[in-house]
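Survey of secondary and tertiary structure
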Amino acid sequence: GQQLNQSPQSMFIQEGEDVSMNCTSSSIFNTWLWYKQDPGEGPVLLIALYKAGELTSNGRLTAQFGITRKDSFLNISASIPSDVGIYFCAGQHSGYSTLTFGKGTMLLVSP
Amino acid sequence: DTGVSQNPRHKITKRGQNVTFRCDPISEHNRLYWYRQTLGQGPEFLTYFQNEAQLEKSRLLSDRFSAERPKGSFSTLEIQRTEQGDSAMYLCASSATANTGELFFGEGSRLTVL
């Protein structure tokens with residue numbers, strides 16, 4: 001099935017650094033979402049974006065809904081060890097309930 | 001704990017056996033979703049229910065797979081005649097609001113088919 005292109009595939013950073021990851025699609029989405037998954041757990045919603053150009057923050061996390069509606073990015077500022085995990089972007093088409101997920105960005109943070 | 005609950009968390013079975021997973025959603029959520037996740041991939045949609053009605057099924061859901069939500073509360077996902085390619089994490093999610101994408105996932109049921 002269709003998947004979103006998420007990059008980078010993985011990142012290994014030092015505690016305190018800022019992180020940026022993005023997601024692109026060949027089709028337009030009406031909603032972009034970012035989830036985080038810890039090992040052996042289900043994904044947890046971080047941020048939801050509903051409008052092209054929208055910029056939304058949740059603590060140290062900031063995400064933007066691209067103006068073309070075909071991309072989104074997530075920034076994490078001042079990373080800490082508990083930010084370790086896999087970050088997934090997900091898109092939702094208008095009128096549909098289902099989500100299309102990217103393959104994820106694995107984030108490792110060194111203390 | 002009032003989150004989405006799935007069981008069993010792990011299931012190891014031999015090829016050809018049938019397996020069933022159960023999902024208990026957040027009690028006030030009327031929408032329930034099943035996704036499948038393999039190693040290194042994001043979750044892939046299988047099917048979803050609004051109350052007891054199964055509204056959509058993915059092409060990934062072969063005829064060996066069946067899902068039910070008989071009373072609009074818990075749901076079961078059964079896989080008949082399991083194959084090694086069925087090995088995956090099966091994730092259940094629920095939501096209260098239509099078409100927002102704000103899903104609450106359970107911890108998943110990991111299936112290993114030998």
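Residues numbered from 1 in each chain as written. Chains lettered and ligands numbered in written order. Predicted model: local features only at pLDDT ≥ 70, side-chain atom pairs only at ≥ 80, totals over all residues. Heavy atoms only, no water.

Thoughts on the overall build of chain A
What counts is decided by this rule: By the criteria applied, helices consist of DSSP H or I runs no shorter than four residues and strands consist of E runs no shorter than two, each listed in order from the N terminus. Radius of gyration means the value over C-alpha atoms here, while the globule rule gives 2.2 Å times the residue count to the 0.38 power. Note on classification: 1.4 Å probe, protein chains only; a residue is buried when its accessible area is under 20% of the maximum for its type, exposed when over 50%, partly exposed between these limits. Areas reported here follow the Shrake-Rupley algorithm with a probe of radius 1.4 Å; residue values treat only the protein chains shown as occluding. Positive charge is attributed to Lys and Arg, negative charge to Asp and Glu, and no charge count is given to His or to the chain ends. Charge positions are represented by NZ for Lys, CZ for Arg, CG for Asp and CD for Glu.
Within chain A, the regular secondary structure consists of 0 helices and 11 strands. Going from N to C terminus, chain A has its helices and strands arranged as β-β-β-β-β-β-β-β-β-β-β. Compactness check: chain A gives a C-alpha radius of gyration of 13 Å against a globular reference of 13 Å for 111 residues, within 12% of the reference. With respect to the three principal axes, the spread of C-alpha positions in chain A is 45 × 30 × 20 Å. Per-residue burial over chain A gives 45% buried out of 111 residues. When the accessible surface of chain A is split by element, carbon and sulfur atoms take 53% of a total near 5,100 Å². Looking at chain A, you have 6 positive and 8 negative side-chain charges, and the mean spots of the two groups are 13 Å apart.

Some points on the interface of chain B and chain A
Using the following cut-off: Whether two residues are in contact is decided by their heavy atoms: any pair within 4.5 Å suffices. Two parts placed together each lose some accessible area; with a 1.4 Å probe, that loss summed over both constitutes the buried area. Salt bridges are identified by distance alone: a Lys or Arg side-chain nitrogen within 4 Å of an Asp or Glu carboxyl oxygen. What qualifies as a polar contact is a pair of N or O atoms within 3.5 Å, subject to a donor-acceptor requirement within protein and to the restriction that residues adjacent in sequence count only when both atoms come from side chains.
Counting residues at the interface gives 22 residues for chain B, matched by 22 residues for chain A. The contact between chain B and chain A buries some 1,800 Å² in all, and 47% of this surface belongs to carbon and sulfur atoms. Run the count over chain B and chain A and you get 0 salt bridges. At the junction of chain B with chain A, the criterion picks out 9 residue pairs in polar contact (both at pLDDT 80 or more). Those elements giving two or more residues to the side of chain B that touches chain A turn out to be β4 (31-37) and β5 (44-50) of chain B. Counting residues per element, the side of chain B that touches chain A draws most heavily on β4(B), which supplies 4 residues.

Topic: the side chain of S94(B)
Residues and elements named next belong to chain B. As for its position among the elements, S94 is in strand β9 (residues 88-95). A polar contact is formed between the side chain of S94 and the side chain of H29, at a distance of 2.8 Å. Apart from the residues within four sequence positions on either side, S94 is in contact with V4, P25, I26, H29, R31, L32, Y33, E102, L103 and F104.

Some thoughts on the sheet that holds strand β7 (residues 65-68) of chain B
Residue and element names in this part refer to chain B. Quick note on the threshold: When DSSP finds two or more bridges between a pair of strands, those strands are recorded as paired. Here the axes come from fitting lines to C-alpha atoms, over the contacting stretch only for helices, and the angles between their N-to-C directions go from 0 to 180 degrees.
Pairing within the open sheet is antiparallel, and its 4 strands lie in the order β1-β3-β8-β7. Since the sheet does not close on itself, it has two edges, and those belong to β1 (5-7) and β7, each with one partner. Averaged over all pairs of adjacent strands, the angle between their axes in this sheet comes to 15°, without regard to strand direction.

Some points on the packing of aromatic side chains
As a reminder of what qualifies: Each pair of aromatic rings taken from Phe, Tyr and Trp, with Trp reduced to its six-membered ring, is defined by centres within 6.5 Å and is described as stacked if the planes are under 30 degrees apart, edge-to-face if over 60, and tilted in the remaining cases.
Per the stated rule, a full pass over the model turns up 12 aromatic pairs over all chains. Where Y35(A) meets F105(B), the ring centres are 5.7 Å apart and the plane angle is 85°; that geometry is what we call edge-to-face. Of this pair, Y35(A) sits in strand β4 (residues 31-37) while F105(B) sits in strand β10 (residues 104-105), placing the two residues on different chains. As far as the burial class goes, Y35(A) and F105(B) line up, both buried. Here F101(A) and Y35(B) contribute two aromatic rings whose centre-to-centre distance is 5.7 Å and whose plane-to-plane angle is 85°, an arrangement assigned as edge-to-face. Here F101(A) is found in strand β10 (residues 100-101), whereas its partner Y35(B) is found in strand β4 on a different chain. The exposure classification of F101(A) matches that of Y35(B), with both residues buried.

Considerations on the nonpolar core
How we decide: Nonpolar cores were defined as sets of buried Ala, Val, Leu, Ile, Met, Phe, Trp, Tyr and Cys residues, with membership established by side-chain atoms within 4.5 Å.
With 21 residues, the main nonpolar core has W32(A), W34(A), L74(A) and L107(A) as its most contacted residues. Those elements giving two or more residues to this core turn out to be β2 (10-14), β3 (19-24), β4, β5 (44-49), β7 (61-65), β8 (71-76), β9 (85-92) and β11 (105-110) of chain A. Counting residues in each nonpolar core, the second largest holds 19 residues, with I26(B), L32(B), F49(B) and F65(B) among its members.

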